[in-house]
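# An overview of the molecular structure
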Amino acid sequence: MNKSSEINLKDYFDLIKQRFWMIIVITLLTTLAGYFYSDQNYTPLYQSSTRIILGSGTEDMNTLMVMIKDPIIMEKVKDDVNLSKSSEAIAGQITVERIDDSQVIRISVTDQDADLTAEIANSTATSFKSEIVGILGYSDVQLLSPAKVNPNPINETQNRTVIIAFVFGLIIGIGLIFLIDSLDSKVRKEREVEEILGVPVLGVVSNMNKKKFALNKNNKRNTSERSEEIAIKQEA
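Residues numbered from 1 in each chain as written. Predicted model: local features only at pLDDT ≥ 70, side-chain atom pairs only at ≥ 80, totals over all residues. Heavy atoms only, no water.

### With respect to the pairing of strand S1 (residues 46-54)
Burial along S1 is one-sided: the residues Tyr46, Ser48, Thr50, Ile52 and Leu54 are buried and none of Gln47, Ser49, Arg51 and Ile53 is. Where S1 and strand S3 (residues 104-111) come together, eight bridges link them in antiparallel fashion. Residue pairing in the sheet places Ser48 in a bridge with Val109 of S3. Of the pairings in the sheet, the one linking S1 to strand S4 (residues 141-145) comprises four bridges and is antiparallel in character. When the bridges of S4 are listed, Ile53 appears paired with Gln142. (Buried < 20%, exposed > 50% of the residue type's maximum accessible area, 1.4 Å probe, protein only. Helix = DSSP H or I, 4+ residues; strand = E, 2+ residues; numbered from the N terminus. Pairing = 2+ DSSP bridges.)

### Side note on unusual backbone geometry
Phi at Asn82 takes a positive value of approximately 60°, unusual for a residue other than glycine. Position of Asn82 among the secondary structure elements: in the loop between helix H4 (71-81) and helix H5 (87-92). A residue is classified by how much of its surface remains accessible, and Asn82, at 67% relative accessible area, is exposed. Phi is positive for Asp101, close to 55°, though the residue is something other than glycine. Within the secondary structure, Asp101 sits in the loop between strand S2 (94-98) and S3.

### A few points about the nonpolar core
The biggest cluster of nonpolar side chains holds 29 residues, and the ones touching the most others in it are Ile52, Leu54, Ile94, Ile105, Ile120 and Phe128. The set of elements that each furnish at least two residues to this core consists of S1, helix H3 (58-67), H4, H5, S2, S3 and helix H6 (114-136). Examining the composition of this core, we find that seven residues originate from one element, H6, more than from any other. The contacts of Ile94, once residues within four sequence positions are left out, are Lys69, Met74, Ile107, Ser108, Val109, Ile120 and Thr124. (Core = buried A, V, L, I, M, F, W, Y, C linked by side-chain atoms within 4.5 Å. Contact = heavy atoms within 4.5 Å.)

Function-wise, these values are silent; they only describe arrangement.
Structure follows, in structure tokens:
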């Protein structure tokens, strides 16, 4: 890395350090905005699953899996759990899948109520076992494992939104600092003077405010008065 690159990096660091408060304010505002946005628009969804075993061959397996979400079964679930929604809506919450081409079938239910997901899943399994006998004359259904309440949402994206808002605030803050600096036409560095005028800088006059100027003036006056008193005493 050459000397000019080191100087540029130092200038960038000094610029960010000078207006670091701006980055903090913007990042804080965007992070809070992201938190409140996600809090207002976030609806947690929960999922519970139960497993059953179907003692059937591959040919009948697909038919039996489709029958799990049949309106007859869903109406039975609706009555068991005392749901107000339609059987079609209940079926839309249920996912039926075969595990690794085995005879084990997983019935998963998704809902905004964690307790309700377990109730619907267990009711679906028991209702299917009892009703499928009368529908297809099939009785080889075993309940393998009941659904349990899962207290953890499956769509927990609130923290992700806050992190994105935080990073966005950092980028906007740093970008705004460089934008303000690029629009500032003031000459602040000796190097900038040399680049503009094409001559080397021999000296720099430091800034002096009125308070420092008055203090220096008083010090000089006091020194002058003391010198006069000493001179008068010597003459006497």
